[in-house]
Amino acid sequence: MATTSRQTAAGVTVPDTKLAREATELVRDSTSDLIYNHSRRVYWFGSLQGRNRGLSFDPELVYIGAMFHDLGLNEQFRGSGRRFEVDSADEARRFLQGHGVPEDSIRRVWTAIALHTTPGIPEFMHPVVALLTCGVEMDVLGIAYDQYPDAVRNAVVAQYPRTPNFKEDIIQAFYGGFHKKPDTTFGTVNADVLADKDPKFVRDNFCSIIRSSAWIG
């Protein structure tokens, strides 16, 4: 299990602020090792991508986004009826509001978390939004994997390990987070998880919804 005392890897450091420390403690206490270590890696990979692109960004906001982005998978949210991304974003907003963070910064973190499973949009938005998705895509999907030198990847993973079967473990964690609210996966990559894990799952179809609407013609 990673500890909060080790804060630097591959030249990236967690902001040494009360906000970051309390976010770390909250997520460490409320999630599994799988999600905690994944969230930490997301911060590192996103930050490294931002550095490589020469982007100007607030590392504290990227860190908060990374730490909270999967909190909505927790059991307490499984009956919410909302997308897990929205539950995660709402928790981050409550946390940041409780610490007096400016509303503009809160909106950026909320948007980053809410859109982190929506491909093709975050990359064109504010760096906080774009880099959270970069970190998630790298750690889960291996997107831009070759843009990170072996030594960099190894340093991050050594500090915040992937499980031996991380690919299947993270898919199972996603499934566990929203299989009780399948309607929330419509139009998202999350529907792929349900289709993979549940042979009885039937996707909603965008075209069928159009054709069956109350409109004439």
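Just so we're clear, the structure is a prediction, and the values are computed from it rather than from any experiment.

Model confidence for the protein is summarised by a mean pLDDT of 95, while 97% of its residues fall at 70 or above. Of the regions scoring below 50 in pLDDT, residues 1-5 engages in twelve contacts with residues more than four places distant in sequence or in other chains.

The next point concerns the layout of surface pockets. Approximately 640 Å³ is the volume attributed to the largest pocket. Taken together, 30 residues line the largest pocket, and the ones lying closest to its centre are Val136, Asp139, Val140, Leu141 and Phe174. Listed by contribution, the elements that provide at least two residues to the lining of the largest pocket are helix H2 (33-53), helix H6 (127-141), helix H7 (150-159), helix H8 (166-178) and helix H9 (190-197). Counting residues per element, the lining of the largest pocket draws most heavily on H6, at seven residues.

Time to look at the packing of helix H1 (residues 18-30) against helix H3 (residues 59-68). As a packed pair, H1 and H3 sit with axes 10 Å apart at the nearest point and diverge in direction by 10 degrees. Relative to H3, H1 is oriented roughly parallel. Within the contact between the two elements, H1 uses Leu19, Ala20, Ala23, Thr24, Leu26 and Val27 and H3 uses Glu60, Tyr63, Ile64, Met67 and Phe68. Grouping the amino acids of the contact of H1 with H3 by side-chain chemistry returns nine nonpolar, one polar and one charged.

The next point concerns H2. Its 21 residues place the ends of H2 30 Å apart at the C-alpha level, agreeing with the 30 Å of an ideal helix rising 1.5 Å per residue. Counting buried positions over the 21 residues of H2 gives 17, a clear majority of the element. Following H2 by one or two positions, Gly54 has its phi on the positive side, about 70 degrees.

The subject of this paragraph is the packing of aromatic side chains. If you walk through the whole model with that rule in mind, you get seven aromatic pairs. Considering the side-chain rings of Tyr43 and Trp44, the 5.3 Å spacing of their centres and the 80 degrees angle between planes classify their relative orientation as edge-to-face. The class for Tyr43 is buried, based on a relative accessible area of 1%. Judged by its relative accessible area of 0%, Trp44 falls in the buried class. Ring-pair connections join several aromatic residues into one group, and the members of that group are Tyr43, Trp44, Tyr63 and Tyr160.

Quick notes on the rules
- Each chain has its residues counted from 1, running along the sequence as written.
- Under the rules for a predicted model, residues below a pLDDT of 70 receive no local features and side-chain atom pairs below 80 are neither given nor counted, while totals for whole chains, interfaces and linings still include all residues.
- Each side-chain value is worked out from all heavy atoms of the structure, with water and hydrogens disregarded.
- The pLDDT score gives, residue by residue, the confidence of the prediction method on a 0 to 100 scale.
- Here, residues are in contact when the closest pair of their heavy atoms is within 4.5 Å.
- Residues are called lining when one of their atoms sits within 4 Å of a cavity or pocket point, these points coming from a 1 Å grid over the protein atoms alone, where a cavity is a set in which a 1.4 Å probe fits but cannot get out and a pocket is an open set with protein on both sides within 12 Å along at least five of seven lines.
- Grid points are joined across faces, edges and corners, and a volume is the space filled by probe spheres set on the points.
- The numbering of helices and of strands both runs from the N terminus, where a helix is a DSSP run of H or I of at least 4 residues and a strand a run of E of at least 2.
- Fitted lines through C-alpha atoms serve as axes, helices being fitted only where they are in contact, and the angles separating the N-to-C directions of these axes extend from 0 to 180 degrees.
- Angles are sorted into four bins: roughly parallel if under 35 degrees, roughly antiparallel if over 145, roughly perpendicular if 65 to 115, and oblique for all others.
- Each residue gets one of three labels, nonpolar for Ala, Val, Leu, Ile, Met, Phe, Trp, Tyr, Cys and Pro, charged for Asp, Glu, Lys and Arg, and polar for the others, Gly among them.
- Each residue after the first adds 1.5 Å to the expected span of a helix.
- Think of it in three bands: residues with accessible area under 20% of the maximum for their type are buried, residues over 50% are exposed, and the middle band is partly exposed, with areas taken using a 1.4 Å probe on protein chains only.
- A pair of aromatic rings is counted whenever rings of Phe, Tyr or Trp (Trp by its six-membered ring) have centres within 6.5 Å, and the orientation is called stacked for planes under 30 degrees apart, edge-to-face for over 60 and tilted otherwise.

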